[in-house]
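# Coordinate inspection notes
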Amino acid sequence: MTAVDDRPERPLRVALLGCGTVGAEVAKLLTHSADDLEQRIGRRVELAGIAVRRLNRERPGIDPALLTTDALELVQRPDIDLVVEVIGGIEPARTLILTALERGAAVVTANKALLAEDGATLFAAAEAAGTDLYFEAAVAGAIPIIRPLRESLVGDEITSVMGIVNGTTNFILDRMHTEGVGFSETLTLAQELGYAEADPTADVEGFDAAAKAAILASLAFHSRVRAEDVHREGITEVTRADVATAEAMDSVIKLLAICTLTDDPEPRVSIRVHPAMIPSSHPLASVGGAYNAVFVESRSAGRLMFYGPGAGGSPTASAVMGDLVTVARNRVRGAAGPGESSYAQRQVAPIGDVVTRYHVSLSVADVTGVLASVAHAFAEHGVSLQIVRQEGVGPNATGPTGDAGSARLVIVTHDARDADLSATVETLRSLPEVHEVISVMRVEGDRA
Ligand code: NDP
Ligand code: HSE
């Protein structure tokens with residue numbers, strides 16, 4: 001393999017891997033801002049080649065002479081100093097990044113899926129070669145959140161990171177609330193606007209947010225956390241009825257990523273991604289469209305909030321370009337930025353140990369004593385009730401399932417262990433008076 005040509009007088013040369021939603025914007029910025037970038041970096045930066053899958057795709061503003069379908073050949077070229085990976089997915093992105101790092105090139109990537117699956121291998125390769133691996137764009141689009149965790153707050157002790165980290169699902173949920181628009185129609189629009197992943201299942205099933213949560217938790221708690229360590233629930237089961245119920249409680253539904261340090265004698269990390277009801281007065285409730293927001297809580301700094309565009313080509317390209325300037329400056333100075341910090345090796349706590357509040361909606365037989373049976377099921381598992389409301393009364397009332405003689409019970413619990421709530425739901429399902437457990441949703445945000 002050929003090492004990087006590091007003669008000081010020549011321009012730094014960039015290989016761009018991928019020219020889709022994000023890559024096309026990066027290519028334009030690199031070309032149009034070349035003079036300013038030279039001033040900021042202290043050396044000219046040139047776009048040397050762009051790897052794509054299809055050569056015949058329309059790419060307005062992109063020089064066709066730069067395009068290649070041989071990404072591996074591009075990252076192995078001796079004149080390439082900096083590699084920007086915006087292909088996405090695991091392979092060939094992993095092989096391309098490792099090849100680039102092993103020959104000493106610095107890498108900027110937006111690939112959260114790969115970092116959350118095999119970040120350790122990438123960081124080890126960067127460390128071994130004494131080069132940079134930067135990934136600001138991998139979490140929350142344009143919002144600077146990786147650098148604050150990796151550098152600005154690294155002298156503090158972070159106790160929690162919580163927020164909205166997926167633009168597509170926030171866009172969908174927001175439109176379900178504000179415009180009553182259906183799920184699939186809004187997902188199509190999110191795809192057209194360039195917010196969604198190539199396979200939007202990653203967004204709506206929570207995989208993308210889980211990958212981001214793993215990256216955030218790894219940085220915040222100096223531990224190696226992978227996507228598979230994150231408890232994950234998506235938004236595909238959130239119905240218009242859930243949205244209406246939340247609104248009746250003066251709340252909204254958001255897909256949240258919550259990473260916390262537990263209070264155990266040997267602190268563990270708890271990481272979860274799921275839809276939750278939050279009060280309309282909570283700052284996260286007003287995060288609309290494809291915007292993201294992340295709260296960080298630390299021992300010395302207290303509470304910090306980061307907010308901004310969470311998806312889309314141009315905002316994400318801004319984060320990529322910030323990293324590109326940083327790694328280029330490092331290269332000019334012969335330096336490298338921070339590597340992986342996983343010394344604390346915290347264990348991941350199981351979801352059953354998580355303590356939070358729950359909103360449970362039931363269809364029950366409208367008969368004497370049903371409330372007592374339901375309350376007993378909660379008490380049996382040590383789950384205390386905060387609110388109980390009955391909707392639909394009388395022997396001829398029609399419940400939400402359409403059956404005569406049923407009523408709807410809405411229950412909000414006090415803080416309860418997830419395992420205890422799950423056991424309660426099992427018991428409720430076995431009760432003859434309970435026709436259906438319509439929905440179970442966590443309630444967050446009181447403590448923000
Ligand atoms: P796109 O699907 O729009 O673009 C992917 C690009 O990669 C395309 O140019 C495609 O080529 C190219 N490509 C795919 N396979 C190969 C291959 N085998 N060899 C060479 N090139 C290939 O993705 P996005 O731009 O939306 O996302 C890119 C990355 O950025 C992903 O990791 C994503 O998670 C991340 N990201 C995306 C954000 C967004 O809002 N879109 C925000 C933050 C991060 P072709 O053009 O020929 O199809
Ligand atoms: N699909 C991702 C989202 C892109 O919707 O948040 C930004 O990471």
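Residues numbered from 1 in each chain as written. Chains lettered and ligands numbered in written order. Predicted model: local features only at pLDDT ≥ 70, side-chain atom pairs only at ≥ 80, totals over all residues. Heavy atoms only, no water.

The protein chain goes by Homoserine dehydrogenase in an unreviewed UniProt entry, where it is assigned to Desertihabitans brevis. In UniProt, the protein chain has this text filed under Function (unreviewed entry): "Catalyzes the conversion of L-aspartate-beta-semialdehyde (L-Asa) to L-homoserine (L-Hse), the third step in the biosynthesis of threonine and methionine from aspartate." In its Cofactor (unreviewed entry) section, UniProt records this for the protein chain: "a metal cation". (UniProt positions renumbered as here; feature names shortened; annotations may be inferred.)

### Let's talk about the nonpolar core
Formed by 73 residues in total, the largest nonpolar core has its most connected members in Val83, Ile145 and Val296. The greatest single-element share of this core, amounting to 11 residues, is contributed by helix H10 (residues 207-221). Among the domains, domain 1 (12-141 + 314-333) and domain 2 (146-310) are the pair contributing at least three residues each to this core. In contact with isoleucine 145, not counting residues within four places along its chain, are Glu136, Val139, Ala140, Leu216, Val294, Val296 and Phe306. (Core = buried A, V, L, I, M, F, W, Y, C linked by side-chain atoms within 4.5 Å. Buried < 20%, exposed > 50% of the residue type's maximum accessible area, 1.4 Å probe, protein only. Helix = DSSP H or I, 4+ residues; strand = E, 2+ residues; numbered from the N terminus. Domains from an automatic or database assignment. Contact = heavy atoms within 4.5 Å.)

### Focus: the packing of helix H7 (residues 167-178) against helix H8 (residues 183-192)
Where H7 contacts H8, the two axes come as close as 9 Å, and the packing angle between them is 135°. With respect to H8, the axis of H7 lies oblique. Handedness of the H7/H8 crossing: right-handed. Residues Thr168, Phe171, Ile172 and Arg175 of H7 pack against Phe183, Thr186, Leu187, Leu189 and Ala190 of H8. Classifying every residue of the contact of H7 with H8 gives 6 nonpolar, 2 polar and 1 charged. (Axes fitted to C-alpha atoms, helices over the stretch in contact; angles between N-to-C directions. Parallel < 35°, antiparallel > 145°, perpendicular 65-115°, else oblique. Left-handed = near helix turned anticlockwise from the far one by under 90°. Nonpolar A, V, L, I, M, F, W, Y, C, P; charged D, E, K, R; others polar.)

### Quick look at the site of ligand 2
Around ligand 2 sit Lys112, Asn166, Gly167, Thr168, Tyr195, Ala196, Glu197, Asp203, Asp208, Lys212, Gly310 and Ala311, and those are all the residues in its vicinity. A distance of 2.7 Å separates a nitrogen atom of ligand 2 from a polar atom in the backbone of tyrosine 195. Within the side chain of aspartate 203, one N or O atom sits 2.7 Å away from a nitrogen atom of ligand 2. Among the residues forming the shell around ligand 2, the class breakdown is 3 nonpolar, 4 polar and 5 charged. (Near = heavy atom within 4 Å. Polar contact = N/O pair within 3.5 Å; in protein donor to acceptor, adjacent residues only side chain to side chain.)

### Here's the deal with the domain arrangement of the protein chain
As far as domains go, the protein chain holds domain 1 (12-141 + 314-333), domain 2 (146-310) and domain 3 (351-443). Taken over C-alpha atoms, the centre of domain 2 sits 27 Å from the centre of domain 3. Contacts between domain 2 and domain 3 engage 15 residues on the former and 13 residues on the latter. Across the domain 2/domain 3 interface, buried area totals approximately 1200 Å², and carbon plus sulfur atoms make up 60% of it. Taken as a group, Met249, Arg272 and Met277 account for 41% of the area that domain 2 buries against domain 3, more than any other trio of residues on that side. The partner of arginine 442 in a salt bridge is glutamate 233, and the shortest N-O contact between them spans 3.1 Å. Our count for the domain 2 to domain 3 interface comes out at 5 residue pairs in polar contact (both at pLDDT 80 or more). Mapped onto the side of domain 2 that touches domain 3, the elements with two or more residues apiece are helix H11 (240-248) and strand S10 (269-279). Tallying contributions element by element places S10 first for the side of domain 2 that touches domain 3, with 6 residues. Considering only residue class, the side of domain 2 that touches domain 3 consists of 7 nonpolar, 4 polar and 4 charged. (Buried area = accessible area lost by both parts, 1.4 Å probe. Salt bridge = Lys/Arg side-chain N within 4 Å of Asp/Glu carboxyl O.)

### As for helix H13 (residues 370-380)
Val370, Ser373, Val374, Ala377 and Phe378 are the residues of H13 that are buried. For H13, the buried positions fall inside an angular range of 140° around the axis, keeping them on one side. Those residues of H13 that are exposed and aimed more than 90 degrees away from the buried face are Ala372, His376 and Ala379. At the exit of H13 stands glycine 382, carrying a positive phi of roughly 75°. (Arc of directions from axis to C-beta.)

### A word on the packing of helix H5 (residues 112-129) against H10
Describing two packed helices takes the angle between their axes plus the distance from one axis to the other. Look at H5 against H10: their axes get within 8 Å of each other, and the N-to-C directions meet at 55°. With respect to H10, the axis of H5 lies oblique. Handedness of the H5/H10 crossing: left-handed. Packed against H5, whose contacting residues are Lys112, Ala113, Leu115 and Ala116, the element H10 presents Asp208, Ala211, Lys212, Ala214 and Ile215 at the interface.

### Some details on the UniProt feature "active site" (unreviewed entry) in the protein chain
Sites flagged by UniProt as "active site" (unreviewed entry) map to Lys212. With respect to the secondary-structure elements, lysine 212 resides in helix H10. Here lysine 212 is in contact with Lys112, Ala138, Val139, Ala140, Val165 and Asn166, once residues within four sequence places are set aside. A polar contact is formed between the side chain of lysine 212 and the side chain of aspartate 208, at a distance of 2.5 Å.

### A short note on the sheet that holds strand S5 (residues 106-109)
Strand order across the open sheet formed by 6 strands is S3-S2-S1-S4-S5-S6, with parallel pairing between neighbours. A single partner strand is all that each edge strand has here, and the edge strands are strand S3 (67-68) and strand S6 (133-134). With 2 bridges joining them, strand S2 (residues 45-51) and S3 adopt parallel strand pairing. Along S3, the bridge assignment pairs alanine 51 with threonine 68. The strands touched by helix H4 (residues 93-102) are strand S1 (12-17), strand S4 (82-85) and S5; relative to S5, the strand with the most contacts, the crossing angle is about 150°. (Pairing = 2+ DSSP bridges.)

### Section: the site of ligand 1
In the neighbourhood of ligand 1, 25 residues make up the surrounding shell, with Cys19, Arg54, Arg57, Glu197 and Gly312 lying closest. Taking valine 22, its main chain carries an N or O atom lying 2.9 Å from an oxygen atom of ligand 1. Between ligand 1 and glycine 194, the relevant distance is 3.0 Å, taken from a nitrogen atom to a main-chain nitrogen or oxygen of the residue. Considering ligand 1 on its own, with 900 Å² of exposed area, one finds that the protein chains cover 88% of that surface. (Areas by Shrake-Rupley, 256 points an atom, 1.4 Å probe, with all protein chains shown as cover.)

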